[in-house]
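# Fold and geometry: a report
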Amino acid sequence: MFALRAASKSTLARGFATSARADYRCVVLGAGGGIGQPLSLLLKENPKVTELALYDVRGAPGVAADVSHINTKSKVTGHAAEDIAGALKGADVVIIPAGVPRKPGMTRDDLFNTNAGIVATLAQAVADNCPKALVGIISNPVNSTVPIFAEVLKKAGVYDPKRLFGVTTLDVVRASRFVSEIKGNDPKDVKVTVVGGHSGPTIVPLLSQTESSADIKGETYDKLVHRIQFGGDEVVKAKDGAGSATLSMAYAGARFAGALLRGLDGEAGVVEPTFVESPLFSGEGIVYFSSNVELGPEGVKKIHPLGKLSAEEETLLKACLPELKKNIEKGVSFVNKA
Ligand code: NAD
Ligand code: LMR
């Protein structure tokens, strides 16, 4: 069985890169949590996933048993705290929503002290067990957890910048939804590019580049930008101490994982904004940046330039860069001071 799976993988990779392969192992680290559970459910519905491995320090076997009864073809396994290797071995895609969420009054950076160590531990496990997997980091603060993950992989000698992604899809999902609420159109027709990072002023929506939002101006524009940048706070406030966005994030995480799988499968033209090692602002010392990225069989295929920005977007970008730089440096020095 294993030989058959391996043979079909390599044959397709060599000869038929655009054929649907549909036999991928997808792993969720933090599968027992508020995001992890619905994300696992949505991944169970993805026909490209044939093995779904769910890991958490608590509760993963139960979630796996539950999800495994859904009548789609993937095999689901649950892995408890001591079995991270069992979850990660053979992984094609690893999605990570492990770590604590915000409470009202907190910034994402306030999660750094707890989540930095969690993410560093998980990065070491990925380095040890599946260094070639494509990894999507959901755990906050994304602007710092992605650099932390990269530094751990670098220390282990297995870092490949094409394979590590910060998941910023929720910002894109929100932007699309919020614009459609103003315009009264269907959000599926509203594709907004959001660049920068994933926290407050580092979130930069490029509304001028989308037909439905290009004419939004004045106070409506300012409120829309603020809502996209601080949409996470809306949910944190409404949940009133019970955490942050979980269901919309699971939707966004499943969409991003789906895009990674479509890229792996050789599908052409799969483009999602995501936070990756990027040349766009590296001259200014900002090594990671989210922008439209084309995904392919090796992960990052092409990082798109930002395109033409409006004067307002230039101002937003100016506010984003120094904050993003600080967040990235904090992540890098966490690993290198340790
Ligand atoms: P949660 O507390 O409901 O779930 C987190 C899970 O992580 C728990 O089940 C916990 O047991 C698990 N966990 C903790 N340490 C672990 C470890 N070492 N290994 C494996 N699992 C571990 O939180 P949540 O609401 O699911 O949020 C998770 C993270 O996602 C938070 O940091 C939150 O800020 C972030 N988040 C990011 C985005 C984004 O857009 N990138 C959106 C929403 C939330
Ligand atoms: C979000 O944007 O919803 C997440 O980053 C969670 C948060 O802390 O707001």
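Residues numbered from 1 in each chain as written. Chains lettered and ligands numbered in written order. Predicted model: local features only at pLDDT ≥ 70, side-chain atom pairs only at ≥ 80, totals over all residues. Heavy atoms only, no water.

In the nomenclature of an unreviewed UniProt entry, the protein is known as Malate dehydrogenase of Cutaneotrichosporon oleaginosum. The UniProt entry for the protein carries the following comment under Catalytic activity (unreviewed entry): "(S)-malate + NAD(+) = oxaloacetate + NADH + H(+)". (UniProt positions renumbered as here; feature names shortened; annotations may be inferred.)

### A word on the site of ligand 1
Residues in close proximity to ligand 1 total 29 residues, the closest being Gly34, Ile35, Asp56, Val100 and Asn140. Here an oxygen atom of ligand 1 and a backbone polar atom of glycine 33 are 3.2 Å apart. Interatomic distance of 2.9 Å between a side-chain N/O atom of asparagine 140 and an oxygen atom of ligand 1. When ligand 1 is considered free in solution it has 860 Å² of accessible area, and contact with the protein chains removes 89% of it. For ligand 1, the cavity whose grid points lie within 2 Å of the majority of its atoms is the largest pocket. If one sorts the elements of the shell around ligand 1 by residue count, helix H5 (residues 112-129) sits on top with three residues. Among the residues making up the shell around ligand 1, the classes are represented as 16 nonpolar, eleven polar and two charged. The two domains that each donate at least three residues to the shell around ligand 1 are domain 1 (24-167) and domain 2 (169-337). (Near = heavy atom within 4 Å. Polar contact = N/O pair within 3.5 Å; in protein donor to acceptor, adjacent residues only side chain to side chain. Areas by Shrake-Rupley, 256 points an atom, 1.4 Å probe, with all protein chains shown as cover. 1 Å grid on protein atoms, 1.4 Å probe; cavity = no way out; pocket = protein on both sides within 12 Å on 5 of 7 lines; lining within 4 Å. Sits in = over half its atoms within 2 Å of the grid points. Helix = DSSP H or I, 4+ residues; strand = E, 2+ residues; numbered from the N terminus. Nonpolar A, V, L, I, M, F, W, Y, C, P; charged D, E, K, R; others polar. Domains from an automatic or database assignment.)

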